[in-house]
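Observations on chain architecture
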Amino acid sequence: MASTFSSSSSTSLSPTFSINNNNNNYKLLGSCPSQLSFFRSSTNRFPLNVKLSVSTRSRINASITTNTKTIRNAAVEPTTSSTKPRILVSEKLGEAGLNLLRTFGEVDCSYDLSPDQLCSKISQCDALIVRSGTKVTRDVFESSKGRLKVVGRAGVGIDNVDLQAATEFGCLVVNAPTANTIAAAEHGIALLTSMARNVAQADASIKSGKWQRNKYVGVSLVGKTLAVMGFGKVGSEVARRAKGLGMTVIAHDPYAPADRARAAGVDLVSFDQAITTANFISLHMPLTPTTSKIFNDATFSKMKPGVRIINVARGGVIDEDALVRALDNGVVAQAALDVFTKEPPPSDSRLVQHEKVTVTPHLGASTKEAQEGVAVEIAEAVVGALSGELSATAVNAPMVPAEVLSELAPYVLLAEKLGRLGVQLVAGGSGINSVKVVYRSARDPDDLDTRLLRAMITKGIIEPISSSFVNLVNADFTAKQRGLRISEERVVVDSSPAHPIESIQVQLSNVNSRFASGLSEDGNISIEGKVKYGIPHLTQVGSFSVDVSLEGNVILCRQVDQPGMIGKVGNILAERNVNVSFMSVGRTVKRTEAIMAIGVDEKPDKDALKDIGEVPAIEEFVFLEL
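Summary of the structure given here. (Residues numbered from 1 in each chain as written. Predicted model: local features only at pLDDT ≥ 70, side-chain atom pairs only at ≥ 80, totals over all residues. Heavy atoms only, no water.)

Considerations on the overall build of the protein
What counts is decided by this rule: What counts as a helix is a DSSP run of H or I of at least four residues, what counts as a strand is a run of E of at least two, and both are numbered from the N terminus. Using a 1.4 Å probe on the protein chains alone, a residue whose accessible area is under 20% of its type maximum counts as buried, one over 50% counts as exposed, and one in between counts as partly exposed. Using a 1.4 Å probe, accessible areas were evaluated by the Shrake-Rupley method; residue-level cover was limited to the displayed protein chains.
Assigned secondary structure in the protein consists of 20 helices and 28 strands. Taking all 626 residues of the protein together, 52% fall into the buried category. Summed over its atoms, the accessible surface of the protein is roughly 28000 Å², and 49% of this surface lies on carbon and sulfur atoms.

Points about the packing of aromatic side chains
The geometry of two aromatic rings is summed up by the distance between their centres and the angle between their planes. As a reminder of what qualifies: What counts as a ring pair is set by centres within 6.5 Å for rings of Phe, Tyr and Trp (its six-membered ring), and what kind of pair is set by the plane angle: stacked under 30 degrees, edge-to-face over 60, tilted for all other angles. Here, a charge over a ring means that NZ of Lys or CZ of Arg falls within 6 Å of the ring centre while also lying within 35 degrees of the ring normal.
Summed over all chains, the structure comprises 1 aromatic pair. Positioned over the ring face of Tyr255 is Arg482, at 5.6 Å from the centre of the ring.

Comments concerning the packing of helix α19 (residues 565–575) against helix α20 (residues 606–613)
Which entries qualify depends on this criterion: Between N-to-C directions, angles cover 0 to 180 degrees, with each direction set by a line fitted to C-alpha atoms, over the stretch in contact for helices. For classification, angles of less than 35 degrees are called roughly parallel, those exceeding 145 degrees roughly antiparallel, those between 65 and 115 degrees roughly perpendicular, and all remaining angles oblique. Crossing handedness is defined as follows: a turn of the near helix away from the far one that is anticlockwise and smaller than a right angle gives a left-handed crossing, while the clockwise case is right-handed. Note on definitions: a residue-residue contact is assigned when non-hydrogen atoms from the two residues lie within 4.5 Å. Ten residue types, Ala, Val, Leu, Ile, Met, Phe, Trp, Tyr, Cys and Pro, are classed as nonpolar, four, Asp, Glu, Lys and Arg, as charged, and the remainder, Gly among them, as polar.
Running from amino to carboxyl end, α19 crosses α20 at an angle of 165°, the nearest separation of the two axes being 10 Å. Put simply, α19 runs roughly antiparallel to α20. The crossing of α19 and α20 is right-handed. Contacts from Val569, Ile572 and Leu573 of α19 reach α20 at Ala608, Asp611 and Ile612. Counted by class, the contact of α19 with α20 contains 5 nonpolar, no polar and 1 charged residues.

Topic: helix α17 (residues 451–462)
What counts here: In a helix, the anticipated span is given by 1.5 Å times the number of residues less one.
Look at α17: 16 Å from first C-alpha to last across 12 residues, which is about the 16 Å you get at 1.5 Å a residue. Counting buried positions over the 12 residues of α17 gives 11, a clear majority of the element. For α17, the full list of buried residues reads Leu452, Leu453, Arg454, Ala455, Met456, Ile457, Thr458, Lys459, Gly460, Ile461 and Ile462.

Section: the nonpolar core
The cut-off we apply is this: Residues grouped as a nonpolar core are buried Ala, Val, Leu, Ile, Met, Phe, Trp, Tyr and Cys residues, joined through side-chain atoms within 4.5 Å.
Grouped together as the largest cluster of nonpolar side chains are 48 residues, with contacts concentrated most on Ile432, Ile461, Ile504, Leu508, Leu538 and Leu556. The biggest single contributor to this core is helix α16 (residues 402–425), with 9 residues. When residues no more than four places from it in sequence are discounted, the contact partners of Leu556 are Phe515, Leu538, Val541, Met596, Ala597, Glu620, Phe621, Val622 and Leu624.

Considering the pattern of salt bridges
Selection rule: By salt bridge we mean one thing: a side-chain nitrogen of Lys or Arg within 4 Å of a carboxyl oxygen of Asp or Glu.
Counted by the stated rule, this structure contains 28 salt bridges. The salt bridge partner of Arg147 is Asp126, with a shortest N-O separation of 3.1 Å. Separated by 21 residues along the polypeptide, Arg147 in the loop between α5 (138–144) and β10 (150–153) and Asp126 in the loop between α4 (115–122) and β9 (127–130) bring together distant segments of the chain. Of the two residues, Arg147 and Asp126, both sit in the buried class. Glu489 is the salt-bridge partner of Lys436, the closest N and O atoms lying 2.7 Å from each other. Of the two residues, Lys436 is situated in strand β19 (residues 434–441) and Glu489 in strand β20 (residues 485–492); the sequence distance between them amounts to 53 residues. With relative accessibility at 32%, the residue Glu489 sits in the partly exposed group. Here the salt bridges do not stand alone but share partners, grouping Arg86, Glu106, Asp108 and Lys121 into one network.

Some thoughts on the sheet that holds β20
Across a sheet, strands are paired by hydrogen bonds formed along the backbone, either parallel or antiparallel in direction. Note the cut-off: By this definition, two strands are paired if DSSP reports at least two bridges between them.
Strand order in this open sheet of 6 strands is β20-β19-β21-β22-β23-β24, and the pairing throughout is mixed. A strand with exactly one partner marks an edge of an open sheet, and here the two such strands are β20 and β24 (544–549). With direction set aside, neighbouring strand axes in the sheet form an average angle of 20°. Where strand β21 (residues 503–508) lies against strand β22 (residues 525–532), 5 bridges are found, and the strand directions are antiparallel. What sits directly across from Ile504, in β22, is Gly529. This element, α17, spans β19, β20 and β21 of the sheet and lies at about 140° to β19.

Here we look at the packing of helix α7 (residues 181–196) against helix α9 (residues 233–244)
Running from N to C, α7 and α9 point in directions that differ by 50°, and their axes come no closer than 8 Å. One element, α7, and the other, α9, form an angle in the oblique class. Note that α7 runs across α9; the crossing there is right-handed. On α9, the residues touching Thr181, Ile182, Ala184, Ala185, Glu186 and Ile189 of α7 are Lys233, Val234, Glu237, Val238, Arg241 and Ala242.

Considering the sheet that holds strand β13 (residues 248–252)
On the basis of which strands lie adjacent, the open sheet formed by 7 strands has the order β14-β13-β12-β15-β16-β17-β18 and parallel pairing. The open sheet has two edge strands, β14 (267–268) and β18 (357–359), and neither has a second partner. As paired strands, strand β17 (residues 332–337) and β18 are joined by 3 bridges and run parallel to one another. Following the sheet pairing, Leu337 is matched in β18 by Val359.

Notes on the environment of Thr341
Positionally, Thr341 belongs in the loop between β17 and α14 (350–353). Those residues in contact with Thr341 that lie beyond four places of it in its chain are Gly315, Gly316, Ile318 and Glu320.

A word on the side chain of His284
Which entries qualify depends on this criterion: By the criterion applied in these results, polar contacts are pairs of N or O atoms within 3.5 Å in which, for protein atoms, one can donate a hydrogen and the other can accept it, and in which residues neighboring in sequence qualify only through two side-chain atoms.
Locating His284 in the fold gives a position in the loop between β15 (280–283) and α12 (297–301). Here the side chain of His284 touches Ser282 through a polar contact of 2.6 Å, side chain to side chain. Non-local contacts of His284, meaning those with residues more than four positions away in its chain, are made with Val228, Met229, Gly230, Val234, Gly235, Val238, Val312 and Ala313.

Focus on helix α13 (residues 320–328)
Taken together, the buried positions of α13 are Ala322, Leu323, Val324, Ala326 and Leu327. The inward-facing, buried residues of α13 abut α12, β17, α14 and β18. The N-cap of α13, judged by a side-chain oxygen 3.2 Å from the amide nitrogen of Asp321 a few residues on, is Asp319. Among the residues trailing α13, Gly330 stands out with phi positive, at a value near 90°.

Next up, the structure:
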């Protein structure tokens, strides 16, 4: 079955496309032919071949070879009399944002919908805008029957949107990550100052008929040290304002460039240095597997007695039971919290009811200005997406043709894992601002599309230490926002052009390494990998050649090159029931020094890692999670 595909507009900026498939007439939702491959590439379930030709009048013709099911499941719908897209707004949005949406489409403001009601309405909608209350589940995408093209989250977090389902159903997800930055920073400062002077407690005391001046003596901020944990948009704004209050500000962020911190008059320090020296600690880190409950009994035990903690980021970064214990024993003098692990928290929560705790109901972004800003930002992103533009705030659905995705699939995985390995080799506090990627390939540069690989390296570097979602659409934007410069070099090698890439090398410049052997001769962290039998392999660490499958986690050991080392480390892991999937030893000169790379299925416990480090011939080692 063949179909014809043509443009109905003479302008090259925003043509309308239609598909005539025998007796069925379809309309493509988008403004450019690449929109079709964009939505088709998000799920590799249907083959699609498109041939395009462009005339001098900017009319675009294409023939599509596929089957009826493919056409009906593509990002198209039967042509209707209405030319305006229908946009469902399921939670309250600022009027400025609604007005912008109304100039573009038909807006349906239906609040407080039940899951069944949302699923019932969604099949008639091209876009959905939510805040944090609406759960956009797989059922929603299934109920949309392919019509839903974009979901807009009015805010930063997208925990309430099933990204995997959105991608599978060809739906773009965008958010509004910048508009509430100042509001969140101001709320952090408000909690800092009100906590220091017991404003909330004193207010409640007076309103209950008491006058307790001696009970609510506060502490001064001038000359005190504030540790900003997470030096991103909000954290850096909090730091600026705290400097204006006369505080000494330090920060911990494994990613933030040191020069940007210095420009703000802030010293980047290690996590332990930050928590052990600060009088006040303000949390601005994302909630990731790495940061979940990072403030726990062990963390609190390292802090200065009398430390005060502010959290306007994510509730889950604090072990709330451990914080109650720290408040009771006096290690933490006070806490001011805007976010909680469960929201709203239980009414009988010991933490919420604690007399040393000031609480607010997640008000970080709750200013009139921020709400209007978020409304406009998300409206612009949704309108842009429906117009076929690439949104810088997109969090899913890379725009890559299916055939390119298929060919690069194993290299995509390799690229992300090299990025993850690289960022874990960086010592805390040094930051990353310069990355060089070297591709070795027999192909002509014009025949090698590396955008997706670069995006996946960026993803591997940023996502383990951030709440950002990185893909082809937003990779360059995200890297730029974080001061990360990524350059690419292509080296032509004599190998089979049937394979797109011989190897990928990632170099991190001007950073300190947790594993000295990972440094190349020019002082950069350098790791290299190849795809063998369809599986990513690590093949080079610094100047040492290794060969280890990247299917699990990796242990790297620098050791004296002598007999029995493999057995010693293997026995330690075997005793802890840690399965070794791959092992490789690379050396520079016989019987001098070697690197042992070990692939393991499980994460070794602390005792196992301690025992490995105590093997006399092992000079250094590092455990890397993939």
